[in-house]
Amino acid sequence: MSLTSAYQHKLAEKLTILNDRGQGVLIRIYNIKKTCSDPKSKPPFLLEKSMESCLKYINKKFPNIDVRNSTQHLGPVHREKAEIIRFLINYYQSFVDVMEFRDHVYELLNTIDACQCHFDINLNFDFTRSYLDLIVTYTSVILLLSRIEDRRILIGLYNCAHEMMHGHSDPSFARLGQMVLEYDHPLKKLTEEFGPHTKAVSGALLSLHFLFVRRNQGAEQWRSAQLLSLISNPPAMIDPANSDTGTIGYGKRVADIKESKEHAITNSGQFHCQRRQFLRMAVKELETVLTDEPGLLGPKALFAFMALSFIRDEVTWLVRHTENVTKTKTPEDYADSSIAELLFLLEGIRALIRRHIKVIQQYHLQYLARFDALVLSDVIQNLSVCPEEESIIMSSFVSTLSSLNLKQVDNGGEFEFSGLRLDWFRLQAYTSVAKAPLHLHENPDLAKVMNLIVFHSRMLDSVEKMLVETSDLSTFCFHLRTFEKMFTMTLEEPTMLRYAIAFPLICAHFVHCTHEMCPEEYPHLKNHSLHHCNTFLEELAKQTSNCVLEICAEQRNLSEQNGTSVLLDTKIGIKLPRLYCVAMRAIVWLAGYNATTQEIQRPSELLAGVKAYISLIQSLAQFLGTDASRIVRHALLQQTQPLDACGEQTITTLYTNWYLESLLRQASSGTIILSPAMQAFISLPREGEQGFSAEEFSDVSEMRALAELLGPYGMKFLSENLMWHVTSQIVELKKLVVENMDVLVQIRSNFSKPDMMASLLPQLTGAENVLKRMTIIGVILSFRAMVQEGLREVFSSHCPFLMGPIECLKEFVTPDTDMKVTLSVFELASAAGVGCDIDPALVAAIANLKADSSSPEEEYKVACLLLIFVAVSLPLLATDPSSFYNIEKDGYNNNIHCLTKAIIQVSAALFTLYNKNIETHLKEFLVVASVSLLQLGQETDKLKTRNRESISLLMRLVVEESSFLTLDMLESCFPYVLLRNAYREVSRAFYLNRVPAIPH
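Residues numbered from 1 in each chain as written. Predicted model: local features only at pLDDT ≥ 70, side-chain atom pairs only at ≥ 80, totals over all residues. Heavy atoms only, no water.

Before going further, it helps to examine the overall build of the chain. Within the chain, the regular secondary structure consists of 42 helices and 4 strands. Against the globule reference of 30 Å for 1000 residues, the chain gives a C-alpha radius of gyration of 40 Å, more extended than a compact globule. Over its C-alpha atoms, taken along the principal directions, the chain stretches across nearly 135 × 75 × 55 Å. For the chain, buried positions account for 48% of its 1000 residues. As displayed, the chain has an accessible area near 49600 Å², and 54% of this comes from carbon and sulfur atoms. (Helix = DSSP H or I, 4+ residues; strand = E, 2+ residues; numbered from the N terminus. Rg over C-alpha atoms; globule rule 2.2 N^0.38 Å. Buried < 20%, exposed > 50% of the residue type's maximum accessible area, 1.4 Å probe, protein only. Areas by Shrake-Rupley, 256 points an atom, 1.4 Å probe, with all protein chains shown as cover.)

Now for the packing of aromatic side chains. Summed over all chains, the structure comprises 33 aromatic pairs. Relative to Tyr-892, the ring of Tyr-885 has its centre 5.4 Å away and its plane inclined at 65°; by these criteria the two rings are edge-to-face. Take Tyr-885: its relative accessible area is 8%, and that puts it in the buried class. Here the aromatic residues Phe-476, Phe-483, Phe-487, Phe-503, Phe-510 and Phe-536 are joined through ring pairs into a cluster of three or more. The lysine or arginine in question, Lys-300, covers the ring of Phe-303, its NZ or CZ lying 5.1 Å from the ring centre. (Phe/Tyr/Trp six-rings, centres within 6.5 Å; stacked < 30°, edge-to-face > 60°. Lys NZ or Arg CZ within 6 Å of the ring centre and 35° of its normal.)

Glancing now at the packing of helix α14 (residues 301-321) against helix α21 (residues 463-471). It is at 7 Å that the axes of α14 and α21 come closest, and there the two elements cross at 35°. On α21, the residues that touch Phe-305, Leu-308, Ser-309 and Arg-312 of α14 are Val-463, Met-466, Leu-467, Glu-469, Thr-470 and Ser-471. The residue makeup of the contact of α14 with α21, split by class, is 5 nonpolar, 3 polar and 2 charged. (Axes fitted to C-alpha atoms, helices over the stretch in contact; angles between N-to-C directions. Contact = heavy atoms within 4.5 Å. Nonpolar A, V, L, I, M, F, W, Y, C, P; charged D, E, K, R; others polar.)

With that out of the way, let us pick up the pairing of strand β1 (residues 672-675). Residue alternation in β1 divides its side chains into two sets, Ile-672 and Leu-674 and Ile-673 and Ser-675, and both sets are buried. Examined bridge by bridge, β1 and strand β2 (residues 680-683) share 4 bridges and lie antiparallel to one another. Bridge pairing links Ile-672 to Ser-683 in β2. What sits between the antiparallel neighbours β1 and β2 is a turn of 4 residues, in which Gln-679 has the positive phi angle 55°. (Pairing = 2+ DSSP bridges.)

Our next topic: unusual backbone geometry. Following Phe-62, the chain continues to Pro-63 via a peptide bond in cis, the omega torsion being 0°. Within the secondary structure, Pro-63 sits in the loop between α3 (52-61) and α4 (71-79). Positive phi, normally seen in glycine, also occurs at Gln-598, with a value near 55°. Here Gln-679, not a glycine, exhibits a phi torsion of approximately 55°, which is positive. Looking at the secondary structure, you find Gln-679 in the loop between β1 and β2. Take Gln-679: its relative accessible area is 52%, and that puts it in the exposed class.

Okay, helix α28 (residues 651-669) next. Since the α-helix advances by 3.6 residues per turn, residues separated by three or four positions end up pointing in the same direction. Between the first and last C-alpha of α28 there are 26 Å, a value that for 19 residues agrees with the 27 Å anticipated at 1.5 Å per step. A large share of α28 lies buried, amounting to 14 of its 19 residues. Positioned one or two residues after α28, Gly-670 has a phi angle of 95°, which is positive. (Expected span 1.5 Å × (residues − 1).)

Moving on, we come to the environment of Met-969. By secondary structure assignment, the location of Met-969 is in helix α41 (residues 967-973). Spatially, the C-alpha atoms of Met-969 and Lys-923 are 7.5 Å apart, while their sequence positions differ by 46 residues. When neighbours within four sequence positions are excluded, Met-969 is seen to be in contact with Glu-919, Lys-923, Leu-926 and Phe-964.

Shown next, in the form of structure tokens:
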């Protein structure tokens, strides 16, 4: 056949159209089979007694039915002919579609044989795949047709009614009837049909050899090859991932085939079980890496789609075999209690790809424009022969790719490369016929680069279609009983409950079974999908409700602390307190606490260790069949209490004591400072001393890890201990105020009179002590704020649906809200880690202090004078060399920047307790402090004004810390120009100190 004929035959276009048409015909035939197999949906006249003899006659005489001379047999048909035609016309036309589809397939296969087409999946991928897909679709249609038991009756009954109505048979009936007879034994007939096409089919199949071998490797081979691993070879992590395929052979070796069959039956269960186990670990690793570094989805998109296709294949295999288990010694290999994890990973990868689709598009657009286009141009120029038609097509490829630019992605533009891919399909057909001047198998580089371009183009415009091709699990809609069993099995496996949400998500795949040629299927699939999705969600909701109730009951038991109940293993019926103690001691051991050296593991290290320990226990549980997750859950819950069920100290107690005794005690002594810029405590270098690095235990990630480990109960215990230390300092501060009561009363009335202040201030005793104790309070409260922020992030991550309403409720609190209501809301918010203007824990702690004989009025007076005492003592800080403001750390080396938090939080708590206006008293503090610092400007002693500018900056920090104060309030008593000058002087001094001295 000439090359011109090859162009005219349009092989690529016909393969594309017939494959789509075949899918539609297949779904229509399936719909007929399903409808006629169910008495509820079967055409009503097929079940009527009056029609029974007619139907038997039609079935017996088919297709040679003498309608005119068989009135005695077909009387009921004559009466119902109009209704029969109306009801069966769609069925009949579907069978006619099968016949026409067969005719077109016959014609195309013969044309392909006449053209002597060369098939190789590695070269003309689309051409070969479409050819094999058409054969598979055609075979499926014929086999499904032969399984419709009522096919003769449906066709014959319609034709009888048609002839009675119109006086002649339907034009298609004769050929249609003959076709139905021919396929009574479909395999025999199909074997005869494909005899002439053996050469073409064999060539296409032989090219699948290496691809088939690779897709059927065992778990050990996958593991050895580090399949799907991005971290096994770090230097190649960002290298683009490409696919290679290769070729399967078989001959007339019946004995070998039988032996292979027996081997597969014996070993396939274990073989696929091991593959699923490998995929669970490998895909989990892949998802973790891609979630952490989504940019890798650019070069490694292929890995993601490979993972999806491997999971789909294994799930599909299990679904098809779980109810057709062959005789085997290990039937458990056909029932996977961990299948939910695979489904969850599949949905996770799909969501990851959808979420970062722009990353994928940006990478592959640049790949197409800056690499593929150049390589393709070089390949085209090196072709020895290039006919005009092929030259035009390939030139258009280069032109299309070269015109791409990143703005198309940034602007959200739509991409459309279906035309390019169809042209490449055409080119494959043109270059695969025997007499083509340009043979693709002689130019493999062209095939390789074009197949790569096709994949890259699909990453721009067909990612969703790729997801369907690689991860569609709509097969579940044909195996609903298996689907339900898998869900039930998941609910019975505690370690798999976290993945159960995958089942309702999989219901969304059912829609992929529809086709525009069979709209009747859509409502049916929609109902199945929604019904099962709702059923799964209702069951999950029920399970969640039960779980929450159990947690509430257990936490109530823990809070009562009336004793430790003996826990029973419901599976084996023996007491397990020893196992719980072992698990709890293991967690404590992982903390690595040394009481002598005061060493302990960083919270993040312990969290990683605990997660690894839990993973180990859960992995062992799958093999041992024990409920280890229950043990771990209870052990972790016990660790949120001061003492565990065995009476031993928990990590909650260990970390509470360590942070108080090691980190905060050193922060109080000045060897550790809080750096707001780093959001962590940092250790100051000391000559001859070696200590721990405070920043390694107090940065954002460590606070988050600490909250993850201790949980809400543990964080509450830590908070209570912190507040105990705060109230201890407040008690001492009150004593100092009482000792200086008379002087402070006079200062409060005369703070704006320099002459009187000059005589009153020297009469104050313990001013440095007041500042020191307030700084300690500030350090503790600053640490608590960091801990609370860690708790907020963890709580938001675990329970975003609860955090939203809590934050919303907090926003409704106004200064006019009843104080009891305000404190209740703030207590709820604080338990979730949300910061509040008034700290309910501090209010409660101060309220619990044992009051002496003084009246509430006296206590209120002490609180007011405490602020005055602090305000007039601030100038004393200027003499301390450590009171210099460090720009890099955004704080002072003596932690006096923590004073601001102490002033604001203690004031808010005290005046809330005494039911006084917080803003009024903070304004008074601002005025007195401003006057005191302004009077410092009149001081002539340089030692007393050493760090005057740095201390002035505290005023700005006080305002920033409080929601009750504003910069306008500060401006009214402390001019902003002074702050600006102070910032300039501090910056100048800071950078001058960093300039190395010039040697003389």
